[in-house]
Amino acid sequence: MITARDIQLSTRSLLIKDFSYDFLDGRLFLITAENGLGKTTLLRSMMGLVPLTHGIFSFDGAPSSSRSRDAFFWESSNWFNSQLTGRDYLNFVHGQWHSSVAVDPVVEYWGMVNYIRLPIRKYSLGMKQRLIIALYEVSGAKNLLMDEISNGLDEEARQLLYERLRAMADAGKCLVITSHYRDEIASFIDTQLTLQNRSILEVRL
Amino acid sequence: MSYLNFFIKRVFKSTLTLLMTGTILMLFIFILAMNIRTYRSFSIASNANDNLQIAKRLRAASKNDLSVYDKNSDRYESALGNYHDAQASIEKNTKLIDALHAGRYQEAYAVALSQTDASLKMAKGDPATTPDLLTGLKREQLRLKALAKADLPEQSSTYPVDGLGFVANLLRYIAPVVFCVLVIFLLSQVFSERYREGIDIGAVFPFRILSLSAVDSLAGVLVCVGLVVAMIGLVLGLATIISGFGHWSYPMFRYHSGTSKMEYVSTGTIILQQLPISLLYLVFLVLSCEVIAIMAKNRFVTLFVALVVLIGLPLGTWLVVPLQSIAHIVPTTYLFSELTVTGELANSFHNSRVCLTSGLIVLLGSILILAVLIVALGQKKKKFQSEASRIVSK
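Conventions adopted
Residues numbered from 1 in each chain as written. Chains lettered and ligands numbered in written order. Predicted model: local features only at pLDDT ≥ 70, side-chain atom pairs only at ≥ 80, totals over all residues. Helix = DSSP H or I, 4+ residues; strand = E, 2+ residues; numbered from the N terminus. Rg over C-alpha atoms; globule rule 2.2 N^0.38 Å. Buried ≥ 20, exposed ≤ 12 C-beta atoms within 10 Å, placed from the backbone. Contact = placed C-beta atoms within 7 Å. Domains from an automatic or database assignment. Nonpolar A, V, L, I, M, F, W, Y, C, P; charged D, E, K, R; others polar. Pairing = 2+ DSSP bridges. Axes fitted to C-alpha atoms, helices over the stretch in contact; angles between N-to-C directions. UniProt positions renumbered as here; feature names shortened; annotations may be inferred.

- The name recorded for chain B in an unreviewed UniProt entry is ABC transporter permease, from Lacticaseibacillus mingshuiensis.

- You'll find chain A entered in an unreviewed UniProt entry as ATP-binding cassette domain-containing protein, with Lacticaseibacillus mingshuiensis given as the organism.

Here it is as structure tokens:
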């Protein structure tokens, strides 16, 4: 569970104020907002990548700054070193997060067998995105924060992704995602939150 | 362990690493090839052969003069003197060459030494002799004595080709500079990779920030030491296959500690003394790159600053004379570890405090300061992250 208490977040200007919320386990949360309102910054702040002006995010009771292997966030393919292979990243995440999730079935599920040992510089955007999804799965982390995870995927792959996300939530994980494909994902999510006027509000589905 | 593997992969799967390592190895092999081509022209044997040819020509000319001049004339006397000198030189040089070929090195060096002694005596009596020439002759005298004592075949000190001699020679100027450039390029890339858009993405890894920095430092040191040792090992192996390993006890030049008194000690002594200073310098280099990357948070800025500080400063010390008087407290001075332990740096900088002891103290102190700086920057970030938590708990 991810808990937000009295969150106030600013970058150049105030983005979010007075946000308190419990992201419960076993649920899939969708955060929507217009571009530039701070969705990515919010996810970054949840992981302690950008400082909060006020408040605290905690993962299962522990502050996000002392978080260990219970959360996973990989913002975008820009975070990859293009000279390494997808397999290098999967092995690293699997080992570093002490995951019990087997790597090979995930690679097969996402159809990456043919290119997983190639350097990432040879991947298309869709291939990189599949790798990011595989990293989330392989991490075995309980709390997953995903920023526009469906970007670059074709319709078929997006459906596959949503089903997989639903299955993960049903398995007890807490998933917080942002996506532009609100309508496509609507039937898979439990809760939608929208960020507007510096507040995050729950939207009745 | 996963992170260490991941770090190593980031270094060794980089095209830059392969390119730079390959270029450096090719440079070393090229130098070895040039040495192999040149060293014979700068040996005692080659010198003796040249002298022999000159003496033979002189003897032939004198013989001709003797048959032409009147026996009672001054010219005849002079020609006779020249003939005897040439004959003596031929005998000496033949003896020297034969002794060298037969492996009777002490006998050969004794002959060479007597020739050098004579040259030194002549140079001292000549008012036109420069101090450099005198120093050169005295140094040669010491070298021949040390060689005779070690009873080993001569290796060129300027163009060594045996494994140990070649590596020891590389470690004087070329290897420290190219290894430093290699480490800076590799580590500035790997360390600054943690920062995207000014954000430390290492914070999403399940580490405490301080542990990640510690693992980064450790991995950096291991990778750099491994890379340097592997490259030196490869060059040593290649030179050994071609010309033999050399000898630990082969005499190497150095200035007696803190003075300008010249002496020769075994290669092993020099290498053993420079080893700790080289290792400490590598650690210093890695930590410096890490600190610069943490502060700059950008690949190109890190690379630029690291090059200026870690390459510009040690090279600049040779050019900026005022820096030489404080060179002993500047850690980058000790990049040239071999020149430090041989006292050549102290002699060049006219600063006798540049020595092994001050090198160890300054490098250890600098490493400590850098480590504290890394911890402090990590604590600052940690404080930054938990600031909000404290506000809430109040």
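Here the narrative resumes, following the displayed structure.
Some details on the overall build of chain B
Item 1. Counting secondary structure elements, chain B contains 15 helices and four strands.
Item 2. On C-alpha atoms alone, chain B measures out to a radius of gyration of 28 Å, which is more than a quarter above the 21 Å that the 2.2 N^0.38 rule sets for 394 residues.
Item 3. The dimensions of chain B, computed from C-alpha atoms along their principal axes, are 120 × 40 × 30 Å.
Item 4. Counting all 394 residues of chain B, 32% fall into the buried class.
Item 5. At a minimum sequence separation of 6, the contacts of chain B that also span at least 24 residues come to 73%.

Details of the domain arrangement of chain A
Residue and element names in this part refer to chain A.
Item 1. Taken as a whole, chain A is organised into domain 1 (1-68 + 144-149 + 173-205) and domain 2 (71-141).
Item 2. Centre-to-centre, using C-alpha coordinates, domain 1 lies 24 Å away from domain 2.
Item 3. Between domain 1 and domain 2, the residue contacts involve ten residues of the former and nine residues of the latter.
Item 4. Put simply, the parts of the chain that give the side of domain 1 that touches domain 2 at least two residues each are α1 (39-46) and β7 (143-147).
Item 5. Considering only residue class, the side of domain 1 that touches domain 2 consists of seven nonpolar, one polar and two charged.

A word on the sheet that holds strand β4 (residues 54-59) of chain A
As a general point, the strands of a sheet are linked pairwise by backbone hydrogen bonds and lie either parallel or antiparallel.
Residue and element names in this part refer to chain A.
Item 1. Across the sheet, four strands lie side by side as β2-β1-β4-β5; this open sheet has antiparallel pairing. With one partner strand each, in any of the chains shown, β2 (14-23) and β5 (62-63) form the two edges of the open sheet.
Item 2. Of the strand pairs in this sheet, β4 and β5 are connected by two bridges, and their pairing is antiparallel. Bridge pairing in β5 links Phe 59 to Ala 62.
Item 3. α1 rests against β1 (2-10), β2 and β4 of the sheet, and its axis sits at about 125° to β1.

Focus on the domain arrangement of chain B
Residues and elements named next belong to chain B.
Item 1. Domain annotation for chain B reports domain 1 (2-38 + 160-384) and domain 2 (41-150).
Item 2. Distance between the C-alpha centres of domain 1 and domain 2: 45 Å.
Item 3. Between domain 1 and domain 2, the residue contacts involve eight residues of the former and nine residues of the latter.
Item 4. When contributions to the side of domain 1 that touches domain 2 are tallied by element, the ones reaching two or more residues are β3 (251-255) and β4 (262-266).
Item 5. Looking at which element gives the most residues to the side of domain 1 that touches domain 2, the answer is β4, with three residues.
Item 6. Looking at the side of domain 1 that touches domain 2 residue by residue, the class counts come to five nonpolar, two polar and one charged.

Some remarks on the pairing of strand β9 (residues 191-196) of chain A
Residues and elements named next belong to chain A.
Item 1. In this structure, strand β3 (residues 28-32) lies alongside β9, joined through four bridges in parallel fashion. Directly across from Phe 29, in β9, lies its bridge partner Thr 191.
Item 2. Note: β9 against strand β10 (residues 199-203), five bridges, orientation antiparallel. Counted as the bridge partner of Leu 195 is Ile 200 from β10.

Some words on the UniProt feature "transmembrane region" (unreviewed entry) in chain B
Residues and elements named next belong to chain B.
Item 1. Under the UniProt annotation, "transmembrane region" (unreviewed entry) lies at residues 12-33, 170-187, 218-250, 270-293, 300-321 and 356-377.
Item 2. Secondary structure content for residues 170-187 is 83% helix and 0% strand, while the C-alpha to C-alpha distance between its ends is 23 Å.
Item 3. Secondary structure across residues 300-321 comprises 95% helix and 0% strand; the distance between its end C-alpha atoms is 30 Å.

Let's talk about the environment of A:Thr11
Item 1. Checked against the element boundaries, A:Thr11 lands in the loop between β1 and β2.
Item 2. The spacing of A:Thr11 and A:Phe29 is 18 residues in sequence and 24 Å in space, taken between C-alpha atoms.

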